[in-house]
Amino acid sequence: MKAVIYEQFQGLLSIENVPDPTPKPHGVVVRVSATGLCRSDWHGWMGHDSDIQLPHVPGHELAGIIEAVGIEVKKFKKGHRVTVPFVCGCGSCSQCTSGNHQVCDHQSQPGFTHWGSFAEYVALDYADTNLVKLPEQIDDITASILGCRFITSFRAVVDQGKVEEGQFVVVHGCGGVGLSAIMIAHALSAQVIAIDINEDTLNLAKKLGASTTINAKTNDVVQAIKSVTNGGTHVSIDALGSQKTCFNSIASLRKRGRHVQVGLMTGDHHHPKIPMDQVLANELEIIGSHGMQAFKYPKMLKMITDGSLRPQQLIERTISLEEAVSALPNMNKFEHTGALVIHSF
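Everything in this summary refers to the structure shown in the same document. The structure presented is a predicted model; accordingly, all values stated were derived computationally and were not measured.

What follows covers the overall build of the protein. Scanning the protein for helices and strands turns up twelve helices and 15 strands. On C-alpha atoms alone, the protein measures out to a radius of gyration of 20 Å, which is about the 20 Å that the 2.2 N^0.38 rule sets for 345 residues. Its C-alpha atoms give the protein principal-axis dimensions of roughly 55 × 40 × 35 Å. Expressed as a percentage of the 345 residues in the protein, the buried residues total 55%. Of the charged side chains in the protein, 29 are positive and 33 negative, and the gap between their average positions amounts to 6 Å.

Written out as structure tokens, the structure is:
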């Protein structure tokens, strides 16, 4: 098969012909129809993920058709059109048996623990636990951006943030995760405030549902949020993952407010300073959010098929596998306000 591959972290990417994958007894092989380009792929290429073994094929957000099925798979057949969350649970550890596949003790992640979807075919593990059949109403390109940024945001807003109608919700960082969170919070009739340093991105955030935008370059973010929300926000989501955004997110909460950390904290940002005095005095909640279980997809898919969520609005354009070779290393330049999707193999 044809695949994007790199042989060293932060090294050159190239398109090579590599062996086709074969399914494990509990897994499948999917012919990739479309796959999203995500900042997590850039983190992997940078060397921020210890699971990656070189040489490596990136890619973890995908939609496609099952081409081969392992002998232990019962729920899926060749020809089924599917997607998958980027965290795949084993289905049998204590986390999985409690329904928390997103923090599985033995998780697999296409594009991280094994070769991913920047290729014509990708192997997916524990198919019966992790695959999601796609409704006909959701096309491949839209489905391809659900598996990381959108489901991560959905769980952060709905399950972890417990956002309710009328609440103030602040989103720090308007990349793919942040813009997804804005759309989802808006669909729940929250009052959404978007924070970023790029005016074009903030304008897009407003189109997607933010009622207020704040440019972090020209404002004291915490004071601006407290002014807009009359004392602090109910829920605050750090969708970027930096020392600054994490601190601002917690510091801008009202009493008994809820901070959800969904942006990856890497490098020098692993252990941010937080206003623990406020956490204690104001009974604030600090919550992590890491992906979403496959069995939780139906609520999100229903909101997409009935039109209350339109993730396709996040897509800037489609690109070829060849274009992905240069697009992936440049993701940290934040040159795109919307998502790029590989749709030509």
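There is more to say, and it comes next.
Within the structure shown, the criterion is met by ten salt bridges. The salt bridge involving Arg-258 is made with Glu-285; its shortest N-O contact spans 3.3 Å. Of this pair, Arg-258 sits in strand β12 (residues 253–261) while Glu-285 sits in strand β13 (residues 285–288), placing them 27 residues apart in sequence. According to the relative accessible area criterion, Arg-258 is buried, its value standing at 15%. For Glu-285, a relative accessible area of 33% gives the class partly exposed. Here Asp-306 and Lys-302 are joined by a salt bridge, their closest N and O atoms 3.8 Å apart.

So, about the packing of aromatic side chains. For the coordinates displayed, the defined rule picks out one aromatic pair. Pairing Tyr-6 with Phe-9 gives two aromatic rings, centres 6.4 Å apart and planes at 55°, and the pair type is tilted. The exposure class of Tyr-6 is buried, given its relative accessible area of 1%. Of the residues examined, Phe-9 reaches a relative accessible area of 32% and is grouped as partly exposed.

Right, let's get into unusual backbone geometry. Of the consecutive residues Leu-54 and Pro-55, the connecting peptide bond is found in the cis state with omega at -10°. Note that Pro-55 resides in the loop between α1 (39–46) and β4 (61–69). Of note in the backbone geometry, Lys-162 takes a positive phi value of approximately 50° without being a glycine. Position of Lys-162 relative to the elements: it lies in the loop between α5 (146–160) and β8 (168–172). Backbone geometry at Asn-230 places phi at a positive 60°, although glycine is not the residue there.

Rules and cut-offs
- Residues numbered from 1 in each chain as written.
- Predicted model: local features only at pLDDT ≥ 70, side-chain atom pairs only at ≥ 80, totals over all residues.
- Heavy atoms only, no water.
- Helix = DSSP H or I, 4+ residues; strand = E, 2+ residues; numbered from the N terminus.
- Rg over C-alpha atoms; globule rule 2.2 N^0.38 Å.
- Buried < 20%, exposed > 50% of the residue type's maximum accessible area, 1.4 Å probe, protein only.
- Lys, Arg positive; Asp, Glu negative; His and termini not counted.
- Charge placed at Lys NZ, Arg CZ, Asp CG, Glu CD.
- Salt bridge = Lys/Arg side-chain N within 4 Å of Asp/Glu carboxyl O.
- Phe/Tyr/Trp six-rings, centres within 6.5 Å; stacked < 30°, edge-to-face > 60°.

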